[in-house]
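Spelled out from the first residue to the last, the chains are:
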Amino acid sequence: MRTEVSYTSVRRSHDGGVGTYDRQTPPDLSNEASPWTHLARLVPSGASVLDLGCWDGMLAHLVHGRGASRVLGVERDPGAASRARARGIDVVSADLDAPDWPSSIKGERFDRVILADVVEHVRDPLGTLRRIVEHLLAPGGRIVLSVPNVAHASVRLSLLVGDFDRADRGILDRTHLHFFTRRSLHALLGDAGLSIREARDVVLDVPLDVVRATLARAQIASSADLERVLTEAPDARAYQFVWSAEPVAAGSAIAPAPAPTSGDTVRVIDRLLKAQASKIRRLEERIRVLGSPNPLAFIRYGWVRLRQRHQRRREERGA
């Protein structure tokens, strides 16, 4: 029996700080554009949780505050592990690149194993996932992970001008050992015997003026179609994938890769609200004109509206 994958898309603004987390201030979990919001939602209340690469324990602390019954962190950096313990998180010191690291968990199994921006950092992602499935997941348990998308428009634009410059943070973080697209991440999970159950995109829109300036720098003629591919194509807009996956029985079919949506809910709602606001403004203007004692006001209003209607028709014919 095939399990349907639940797929949603969320949006994140272009603020220059995407892909990093403010470790001083806990993130607002009502923020639909935060990957932590969706990671936390993929952990049900009452679940036992293992947070691999937990760093300073902030995400583990948030998950615990939302009702997780047990939270354990794994972190190799002594300073970060100390800060996580200061938050009240139990932490095991272990290196995910060591083949025997699961032995440090001492046989405990968990309902959810979190890999928040971790898979791209380990030397052997497939081996890491297989060890989790074999040694750490409880029956019915799931892996919850977030992974940056190297096919994002910002990287595509960099490649157009011949750049692939590593940075201190973001998709091209210099500490990333691996890069994933939607298809390659799905293939990795499938090779590990994992099938996706829920999939969400954290969306980052690259401004159109940035797209046009980069195309000009690359001496590539801009066109509406090319701009649409770079600004509206779902896989070009997805900055991070936030997925949950669970093991499937040997020989069972792996759920297909989640098909990206053609747009996101936030953008559709925004268009609808702007259209409604425009209608309200026109109605208010009409009421003011009809209530004016000056008869010329109504004639002037009708003339302006007629010109606007003709202008829209000319634009539609030229589109």
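Residues numbered from 1 in each chain as written. Predicted model: local features only at pLDDT ≥ 70, side-chain atom pairs only at ≥ 80, totals over all residues. Heavy atoms only, no water.

**Section: the overall build of the protein**
So, point 1. Counting secondary structure elements, the protein contains 11 helices and 8 strands.
So, point 2. Considering the protein as a whole, with its 319 residues, one finds that 40% of them fall into the buried category.
So, point 3. Excluding contacts between residues fewer than 6 apart, the proportion of contacts in the protein whose partners are at least 24 apart in sequence is 72%. (Helix = DSSP H or I, 4+ residues; strand = E, 2+ residues; numbered from the N terminus. Buried < 20%, exposed > 50% of the residue type's maximum accessible area, 1.4 Å probe, protein only. Contact = heavy atoms within 4.5 Å.)

**Structural notes on the confidence of the model for the protein**
As a note on interpretation, predicted positions should not be read in detail where pLDDT is low.
So, point 1. With 77% of its residues at a pLDDT of 70 or more, the protein has an overall mean of 83.
So, point 2. In the predicted structure, residues 12-22 sits below a pLDDT of 50 and forms 30 contacts with residues beyond four places in sequence or in another chain.
So, point 3. In the predicted structure, residues 261-275 sits below a pLDDT of 50 and forms 14 contacts with residues beyond four places in sequence or in another chain. (pLDDT = per-residue confidence, 0-100.)

**Here's the deal with the pairing of strand β7 (residues 194-204)**
Walk down a regular strand and you will see the side chains alternate between the two sheet faces.
So, point 1. Here β7 lies mainly inside the structure; 10 of its 11 residues are buried.
So, point 2. Alignment of β7 against strand β8 (residues 238-247), held across 9 bridges, turns out to be antiparallel. By the bridge assignment, Glu198 is partnered in β8 with Ser244. (Pairing = 2+ DSSP bridges.)

**Remarks on the pattern of salt bridges**
So, point 1. All chains considered together, the criterion is met by 17 salt bridges.
So, point 2. The shortest N-O distance in the salt bridge between Arg76 and Asp97 comes to 3.9 Å. Of this pair, Arg76 sits in the loop between β3 (70-74) and α3 (78-86) while Asp97 sits in the loop between β4 (90-92) and β5 (110-116), placing them 21 residues apart in sequence.
So, point 3. Asp97 gets classed as partly exposed once you look at its relative accessible area, which sits at 23%.
So, point 4. The shortest N-O distance in the salt bridge between Asp201 and Arg182 comes to 2.9 Å. With Asp201 in strand β7 and Arg182 in helix α6 (residues 182-191), the pair connects residues that are 19 residues apart, well separated along the chain.
So, point 5. Residue Asp201 is classed as buried on the basis of its relative accessible area of 2%.
So, point 6. Through salt bridges with shared partners, a single network forms among Arg142, Arg197, Glu198, Arg200 and Glu246. (Salt bridge = Lys/Arg side-chain N within 4 Å of Asp/Glu carboxyl O.)

**Quick notes on the environment of Leu188**
So, point 1. As for its placement among the helices and strands, Leu188 is situated in helix α6.
So, point 2. A relative accessible area of 10% places Leu188 in the buried class.
So, point 3. Spatially, the C-alpha atom of Leu188 lies 8.9 Å from that of Leu129, the residues being 59 residues apart in sequence.
So, point 4. In this structure, Leu188 is in contact with Val119, Pro125, Leu126, Leu129 and Phe180, ignoring residues within four places of it in sequence.

**Let's talk about the packing of aromatic side chains**
So, point 1. Per the stated rule, a full pass over the model turns up 2 aromatic pairs.
So, point 2. Relative to Phe179, the ring of Phe164 lies with its centre 5.6 Å away and its plane at 75°, an arrangement referred to as edge-to-face. Of the two residues, Phe164 is situated in the loop between α5 (153-160) and α6 and Phe179 in the loop between α5 and α6; the sequence distance between them amounts to 15 residues.
So, point 3. Look at Phe164 and you get partly exposed, because its relative accessible area is 35%.
So, point 4. Where Phe241 meets Trp243, the ring centres are 5.4 Å apart and the plane angle is 40°; that geometry is what we call tilted.
So, point 5. For Phe241, a relative accessible area of 1% gives the class buried.
So, point 6. According to the relative accessible area criterion, Trp243 is buried, its value standing at 0%. (Phe/Tyr/Trp six-rings, centres within 6.5 Å; stacked < 30°, edge-to-face > 60°.)

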